[in-house]
Each structure stands twice: as C-alpha cells, then as structure tokens.
Amino acid sequence: MSTQTYESSSLRRWALQVNECGRFSPEQVQLVWMLAVSVNDRWESDVSIDRLSADAGMSVDEVRHHLEVLRENNVVSWFARVCGEWVSTPFTLNRSFPKPAVR
C-alpha cells in the first residue's frame, strides 16, 4: 500500500509528534516510522509482524512487545470489536494520538 501525497505531510507530522512525546524507545519509534510509510489513505498498513521483524532486525517477540506498548499508548491498533467479538484488523495508526482512537 502506498501513502497518498496529501497524507504524507500529515503522516510525517504525526510520526514526529509520536517521537517527540518522549515516551517511546528508539525501537518503538522505528516501528512507528515503518508503519507510517506503509499505510493507505485510512492509515491502515497490511505489513505483517514477520515483515516488521525482518525489516527492523528484531525478533518477532521483540516486535510484538514494542507493538503492545504502542497499542497501550494509543499509537496503533490491530483489533476491533465487531458484534461483541474481537477481530484482527490491519495495523491502524491512531490519527488522534495521544487521545484514544475515534471509532
């Protein structure tokens, strides 16, 4: 998936805001940037954890841990509740960070 031009500057500002908040490790910021360059116009990324692991030079468990920290801090999600059931979704960046995502 590729980012549309009009989204590029807002994605860049968003990723800088995540970085500058000072709450995240360099590895977590790296994953944020990797996800940001792979999103579509709905800020969803179809990249896999295995791909993130290989590209970032981290183990799958390390990537999962860092993504969980990012999820807990309202940066990214990959599950949604549909009819009361949790369903896996593409990685979705939270445009309203640091506030919870608007559903």
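For clarity, every value in this text was computed on a predicted model and none was experimentally measured. (Residues numbered from 1 in each chain as written. Predicted model: local features only at pLDDT ≥ 70, side-chain atom pairs only at ≥ 80, totals over all residues. Heavy atoms only, no water.)

Caption draft 1: Spotlight on the overall build of the chain. When helices and strands are counted, the chain shows four helices and three strands. Taken from the N to the C terminus, the helices and strands of the chain come in the order α-α-β-α-α-β-β. The C-alpha radius of gyration computed for the chain amounts to 13 Å, which stays within 12% of the reference 13 Å derived for 103 residues, consistent with globular compactness. Dimensions of the chain along its principal axes, counting C-alpha atoms only, are 35 × 35 × 25 Å. (Helix = DSSP H or I, 4+ residues; strand = E, 2+ residues; numbered from the N terminus. Rg over C-alpha atoms; globule rule 2.2 N^0.38 Å.)

Caption draft 2: Seen up close, the packing of aromatic side chains. Counted under the stated rule, the structure contains three aromatic pairs. Seen in terms of ring centroids, Trp14 and Trp43 are 5.7 Å apart; in terms of plane orientation they differ by 80 degrees. Their pairing is edge-to-face. With Trp14 in helix H1 (residues 5–20) and Trp43 in the loop between helix H2 (26–36) and strand E1 (44–45), the pair connects residues that are 29 residues apart, well separated along the chain. Across this residue pair, the class does not change: Trp14 and Trp43 are buried. (Phe/Tyr/Trp six-rings, centres within 6.5 Å; stacked < 30°, edge-to-face > 60°. Buried < 20%, exposed > 50% of the residue type's maximum accessible area, 1.4 Å probe, protein only.)

Caption draft 3: A look at the pairing of strand E2 (residues 76–82). With six bridges joining them, E2 and strand E3 (residues 85–93) adopt antiparallel strand pairing. Within the sheet, the bridge partner assigned to Val82 lies in E3 and is Glu85. Between E2 and E3, which pair antiparallel one after the other, the connecting turn spans two residues, and Cys83 there sits at a positive phi close to 50 degrees. (Pairing = 2+ DSSP bridges.)

Caption draft 4: Inspection of unusual backbone geometry at higher detail. Cis geometry is found at the peptide bond from Phe97 to Pro98, where omega equals 10 degrees. When you line up the elements, Pro98 lands in the segment after E3. For Trp43, which is not a glycine, the phi torsion comes out positive at approximately 60 degrees.

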